[in-house]
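Below, each chain spelled out in residue letters.
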Amino acid sequence: MKVALVGATGMVGQVMLKVLAERNFPLTELIPVASEHSIGKKITFQEKSYSVVGLSTAVKMKADVALFSAGGETSLEWAPKFATAGTTVIDNSSAWRMDSSKKLVIPEINANQLTREDKIIANPNCSTIQMLVALAPIQDIYGIKRLVI
């Protein structure tokens, strides 16, 4: 699977790379993507060196999946361009969370709602994901009417 990582040089991007390696994700090609000032920098992933590319180059490379962790403005501008090129975008920013035309997905809870037509997928923030993964079984068994956090 060809994966673009938008925000690859940032702290969250670096953690995403670490998790992809730990999980032995079936990656055939990595496309590290970052801002203009990072183009050409080298990133090492699973003992291979990759050159960082810019967003427009990455869109043309037609990844299967693009993991976005570069902020809401970047996501709002570039996720639709990746999606139009056929790439499935999984967005880690707040950009699409409240957009009713996009699915808000926590894989452990509702990944079964996704279809091939879903090209931009939002995910909740990290603390919400952790909380809902813990609460989902309670919801399934007893139902939850209200949470005050």
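Predicted, not measured: the structure shown is a model, and the values here were computed from it.

K.L.:
Lay out the nonpolar core with the relevant residues and their values.
P.N.:
Ranked by size, the top nonpolar core spans 19 residues in total, and within it Ala-4, Ile-31, Val-33, Phe-68, Phe-82 and Val-89 carry the most contacts. Mapped onto this core, the elements with two or more residues apiece are strand S1 (2–6), strand S2 (29–33), helix H2 (55–60), strand S5 (65–68), helix H3 (72–84) and strand S8 (120–122). It is H3 that provides the largest number of residues to this core, a total of four residues. Non-local contacts of Val-33, meaning those with residues more than four positions away in its chain, are made with Ala-4, Leu-5, Val-6, Gly-7, Ala-8, Val-52, Val-53, Gly-54, Leu-55 and Ala-58. Counting 15 residues, the second largest nonpolar core, distinct from the first, contains Val-3, Leu-17, Ala-34 and Ile-43.

K.L.:
Account for the side chain of Ser-75, with residues named and values stated.
P.N.:
Summarising the element assignment, Ser-75 is placed in helix H3. The contact partners of Ser-75, leaving out residues within four places of it in the chain, are Phe-68, Pro-80, Asp-91, Ser-93, Ala-95 and Trp-96.

K.L.:
Requested: an account of the pattern of salt bridges, with residues and values cited.
P.N.:
When the charged atoms of two side chains lie near each other, side chains of opposite charge can form a pair. Going through the model one piece at a time under the given rule, you end up with three salt bridges. One salt bridge in this structure joins Lys-2 and Glu-29, with 3.9 Å as the shortest N-O distance. Of this pair, Lys-2 sits in strand S1 while Glu-29 sits in strand S2, placing them 27 residues apart in sequence. Across the salt bridge formed by Asp-118 and Lys-103, the nearest N and O atoms sit 2.9 Å from each other. Here Asp-118 is found in the loop between helix H4 (107–110) and S8, whereas its partner Lys-103 is found in strand S7 (residues 103–104), with 15 residues between them in sequence.

Analysis parameters
Residues numbered from 1 in each chain as written. Predicted model: local features only at pLDDT ≥ 70, side-chain atom pairs only at ≥ 80, totals over all residues. Heavy atoms only, no water. Core = buried A, V, L, I, M, F, W, Y, C linked by side-chain atoms within 4.5 Å. Buried < 20%, exposed > 50% of the residue type's maximum accessible area, 1.4 Å probe, protein only. Helix = DSSP H or I, 4+ residues; strand = E, 2+ residues; numbered from the N terminus. Contact = heavy atoms within 4.5 Å. Salt bridge = Lys/Arg side-chain N within 4 Å of Asp/Glu carboxyl O.

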